[in-house]
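Structural description and commentary
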Amino acid sequence: LIAEDFSGSAIPVGWQGSKVAFSIVEGGLRGLAAPDDSHGPAIGRAISGHDLVVEFDLKFVRPGYFLFLIDGDSQFKGRAHLLRFSIGGNQYQLAQDRGDPAFYRIEQLARGTAKPVLNEWQHIRIELRGNQANAWFGDKAKLTATGTVWNVKKSRIVFLIAQTGDVRIDNVKVVGLVRNN
């Protein structure tokens, strides 16, 4: 569905989000969060799939908070950031967002301890099949989680940077899996 190495001089066609906070630097996508940005800038790309494997390389140049999202159909109608994979401080985690506009909440489902080493590339892999997810951050142990809202059509992937973070993202791959119905 996506195979992007950000080898050009500009953000590739199809990626939408903050063109101020994201740029191409040294053959990778740079995300830079400003100190006065309370939400953090985001950039994403549309996809169409159900069960997915997502892989990308990530490097922290300056500490901050990194969030990867998989959006899809909400059980409450509309779209939501359903799956959340985050890295911040000394931990990484998998969470879900039910997408309920009347009661917004993020539910942490699994977490691991890992502090990113500055200026060192780490490989991220997330497998999402139905309501089951597995995630790896570099060579750290696998996180496994069972959600309740993930077994729907997915529509977008999103990268978000916060807390004055400066990160590089490269070699983004999204593959749709064959469903075992």
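Below is a short write-up of the structure.

What to know about the overall build of the chain
Looking only at helices and strands, the chain features zero helices and 15 strands. Relative to a compact globule of 181 residues, whose C-alpha radius of gyration would be 16 Å, the chain shows 15 Å and is just as compact. Residue burial in the chain is summarised as follows: out of 181 residues, 49% are buried. Of the accessible surface of the chain, which amounts to about 8700 Å², a share of 50% is contributed by carbon and sulfur atoms.

Here we look at the pairing of strand β12 (residues 132–137)
Here strand β11 (residues 122–129) runs beside β12; their pairing, made up of six bridges, is antiparallel. Its bridge partner being in β12, R125 is matched across the sheet by W136. The loop that links β11 with its antiparallel partner β12 comprises two residues; one of these, G130, has a positive phi angle of about 60°. Strand direction decides the pairing type here: β12 and strand β13 (residues 143–146), joined by four bridges, are antiparallel. Directly across from A135, in β13, lies its bridge partner L143. Between the antiparallel neighbours β12 and β13 lie five residues, among them G138 with a positive phi of about 60°.

The rules behind these values
- Along each chain, residue indices are assigned from 1 in the same order as the chain's sequence is written.
- Predicted model: local features are reported for residues with pLDDT of at least 70 only, side-chain atom pairs are reported and counted for 80 or more only, and whole-chain, interface and lining totals are derived from all residues.
- Think of the side-chain values as coming from all heavy atoms in the structure, minus any hydrogens and water.
- Each helix corresponds to a stretch of at least 4 residues labelled H or I by DSSP, and each strand to a stretch of at least 2 residues labelled E; elements are numbered beginning at the N terminus.
- Here the radius of gyration uses the C-alpha set of atoms, whereas the globule reference equals 2.2 Å times the residue count to the power 0.38.
- Exposure classes here rest on a 1.4 Å probe applied to the protein chains alone. A residue is buried below 20% of its type maximum, exposed above 50%, and partly exposed in between.
- To measure how exposed things are, a 1.4 Å probe is used in the Shrake-Rupley method; for residues, cover is taken only from the protein chains shown.
- DSSP calls a pair of strands paired once it identifies at least 2 bridges connecting them.

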